[in-house]
Amino acid sequence: MKNLRTVALPELQQVFDEWGEPRYRAAQVHDWIWKKYAASIAEMSNLPKPVREKLEANYFIPKVAIHHTQESEDGTVKNRFVLHDNNYIEGVLIPTDTRVTACVSSQVGCSLSCKFCATGYLPRTRNLYFDEIVDEVTLLNEQSLKHYGRKLSNIVFMGMGEPLLNYKEVLKAIEKITTPEGLGMSPRRITVSTAGVAKMIRQLGDDGVRFKLALSLHAPTDVQRSEVMPINDSNNIAALVDALNYFYQKTKGEITLEYILFKDFNDGIKDAEELVKLFRKIPADLINLIEYNPIGQARFQKPDEATTDAFVRYLESKKVNVHLRRSRGKDIDAACGQLANVDSEGAVA
Ligand code: SF4
């Protein structure tokens, strides 16, 4: 049995040729899958029954479903999705006055083991297929319409997993999300966030992608960064600086640096000085400073307000475009770095 949604239209037309069925039937199936988002072959009511039976004997449609939803006091909505093989992923809706942003997952678990991240304490079970990512986004878009009366305005790949380690499927999903037949979203409203896989950042440049890129930097020196992000041992800051410059040279795409402030670890003025030096070497538009949300497994804490303010003020004094991102959805563990299939009682699914 094959996943019907992974079969491209030309391949499906060939199958219909072999079955002695007219080719336009393949286009009808394609429409059911990608325009009407059919959950089953049985729903494809304009296909003759014998054709549906042949399809059912050879293919299946592995739809993603919402398993559990939690709503935060601040309007953030966290979902646990169940996949066809009973794996779970999480996706979050973050509303503001002008936007609704979906934070989506790209893998079940993660192999990179960042020390501050709840997902990093889960093993990577598998990559998501592109159609599962599209389902995730489609379900979040429907939920956004229902909850806020607005469709999604932005998508960030900052949920569970490292998107650049599931490169092909993530790019294919973005292609579907941005086509007029899909959600028709502009690629400029999509941000892929990476922990820093230099080779794949260069690949994005070679592929001329049009979405935005964010680098989870989180520390200004290799010694500090390797302590919290083991991937830094094989992809150090110098390699990332080179890769980001290459990406920019090829795409002229927008780059953001993400920097979570950890108390007494990377929140001092000395760290801010190092960060500014690094920022000058990267064609980045913005540094997003992120408030840390402590998770049970990690030793890190959030700095106090005065330290955070001093850090922001230092960057501003050096004319760095900086934005302090207050975390959302903390009461439901939906904030940055907290996604780990944890239910309200704290049990990992
Ligand atoms: S921060 Fe991202 S890359 Fe690091 S462990 Fe968490 S999900 Fe994986």
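Read across the sheet, ten strands follow the order E3-E4-E5-E6-E9-E10-E11-E12-E13-E14 without closing on themselves; strand pairing throughout is mixed. Looking at the sheet topology across the chains shown, the edges are occupied by strand E3 (65-71) and strand E14 (322-325). For this sheet, the mean angle separating the axes of adjacent strands, direction not counted, is 25°.

Grouped together as the largest cluster of nonpolar side chains are 104 residues, with contacts concentrated most on Leu4, Met44, Phe116 and Leu315. The element contributing the most residues to this core is helix H4 (residues 130-148), with seven residues. Not counting chain neighbours up to four residues away, the residues in contact with methionine 44 comprise Leu4, Val29, Trp32, Ile33, Ala38, Arg52 and Ile61.

Two strands pair when backbone bridges link them, and strand E13 (residues 286-291) and E14 are joined in this way by four bridges, in the parallel orientation. Among the inter-strand pairings, isoleucine 290 is bridged to a residue of E14, identified as arginine 325. Handedness of the β-α-β unit built from E13, helix H10 (residues 305-317) and E14 comes out right-handed.

Let us look at the packing of aromatic side chains. Applying the stated criterion across every chain, the model contains ten aromatic pairs. Aromatic side chains phenylalanine 262 and phenylalanine 265 sit 6.1 Å apart centroid to centroid with 70° between the ring planes, which places their arrangement in the edge-to-face category. Residue classification places phenylalanine 262 among the buried residues on the basis of a relative accessible area of 0%. When the centroid spacing of 4.6 Å and the interplanar angle of 40° are considered together, the rings of phenylalanine 262 and phenylalanine 300 count as tilted. In this pair, phenylalanine 262 sits in the loop between strand E12 (255-261) and helix H9 (269-281) while phenylalanine 300 sits in the loop between E13 and H10, placing the two residues 38 residues apart along the sequence.

A word on the packing of H9 against H10. The N-to-C vectors of H9 and H10 enclose an angle of 35°; their axes lie 10 Å apart at closest approach. As H9 runs across H10, the sense of the crossing is right-handed. Here H9 contributes Ile269, Asp271, Ala272, Glu273, Leu275 and Val276 to the contact with H10, which in turn contributes Ala310, Phe311, Tyr314 and Leu315. Among the residues making up the contact of H9 with H10, the classes are represented as eight nonpolar, no polar and two charged.

Every buried residue belonging to helix H6 (residues 198-206) is among Ala198, Met200, Ile201, Leu204 and Gly205, and all of these are buried. Of the surrounding elements, those touching the buried residues of H6 are helix H5 (167-178), strand E10 (190-194), strand E11 (212-216) and helix H8 (237-251). Once H6 finishes, glycine 208 follows within two positions and takes phi at roughly 60°, a positive value.

On to the pattern of salt bridges, then. Side chains that differ in sign of charge can pair as their charged atoms come close. Inspection of the entire model under this criterion finds 17 salt bridges. Notably, a salt bridge pairs arginine 126 with aspartate 85, separated by 2.7 Å at the nearest N-O pair. Highlighted residues: arginine 126 in strand E8 (residues 126-127) and aspartate 85 in the loop between strand E4 (77-82) and strand E5 (88-95), separated in sequence by 41 residues. Its relative accessible area of 13% is what places arginine 126 among the buried residues. By relative accessible area, which is 32% here, aspartate 85 ends up partly exposed. When salt bridges that share partners are traced, they join Arg5, Lys63, Asp131 and Asp135 into one network.

This part covers the site of the ligand. Taken together, the residues surrounding the ligand are Cys110, Leu112, Ser113, Cys114, Cys117, Thr119, Gly120, Gly159, Gly161 and Ala195. Residue classes in the shell around the ligand are distributed as five nonpolar, five polar and no charged.

Glancing now at the confidence of the model for the protein. In the predicted model, the protein carries a mean pLDDT of 91, and the fraction of residues at 70 or more is 95%. Contacts of residues 342-349 to residues separated by more than four positions or lying in other chains number 15 contacts, the stretch itself having pLDDT below 50.

Secondary-structure assignment places glutamine 297 in the loop between E13 and H10. Overall, the relative accessible area of 44% leaves glutamine 297 in the partly exposed class. In this view, glutamine 297 contacts Ala118 and Tyr121; residues no more than four positions away in its chain are not counted.

Here is what the cut-offs are and how they apply
- Residues numbered from 1 in each chain as written.
- Predicted model: local features only at pLDDT ≥ 70, side-chain atom pairs only at ≥ 80, totals over all residues.
- Heavy atoms only, no water.
- Pairing = 2+ DSSP bridges.
- Helix = DSSP H or I, 4+ residues; strand = E, 2+ residues; numbered from the N terminus.
- Axes fitted to C-alpha atoms, helices over the stretch in contact; angles between N-to-C directions.
- Core = buried A, V, L, I, M, F, W, Y, C linked by side-chain atoms within 4.5 Å.
- Buried < 20%, exposed > 50% of the residue type's maximum accessible area, 1.4 Å probe, protein only.
- Contact = heavy atoms within 4.5 Å.
- Right-handed = clockwise from strand over helix to strand, strands pointing away.
- Phe/Tyr/Trp six-rings, centres within 6.5 Å; stacked < 30°, edge-to-face > 60°.
- Left-handed = near helix turned anticlockwise from the far one by under 90°.
- Nonpolar A, V, L, I, M, F, W, Y, C, P; charged D, E, K, R; others polar.
- Salt bridge = Lys/Arg side-chain N within 4 Å of Asp/Glu carboxyl O.
- Near = heavy atom within 4 Å.
- pLDDT = per-residue confidence, 0-100.

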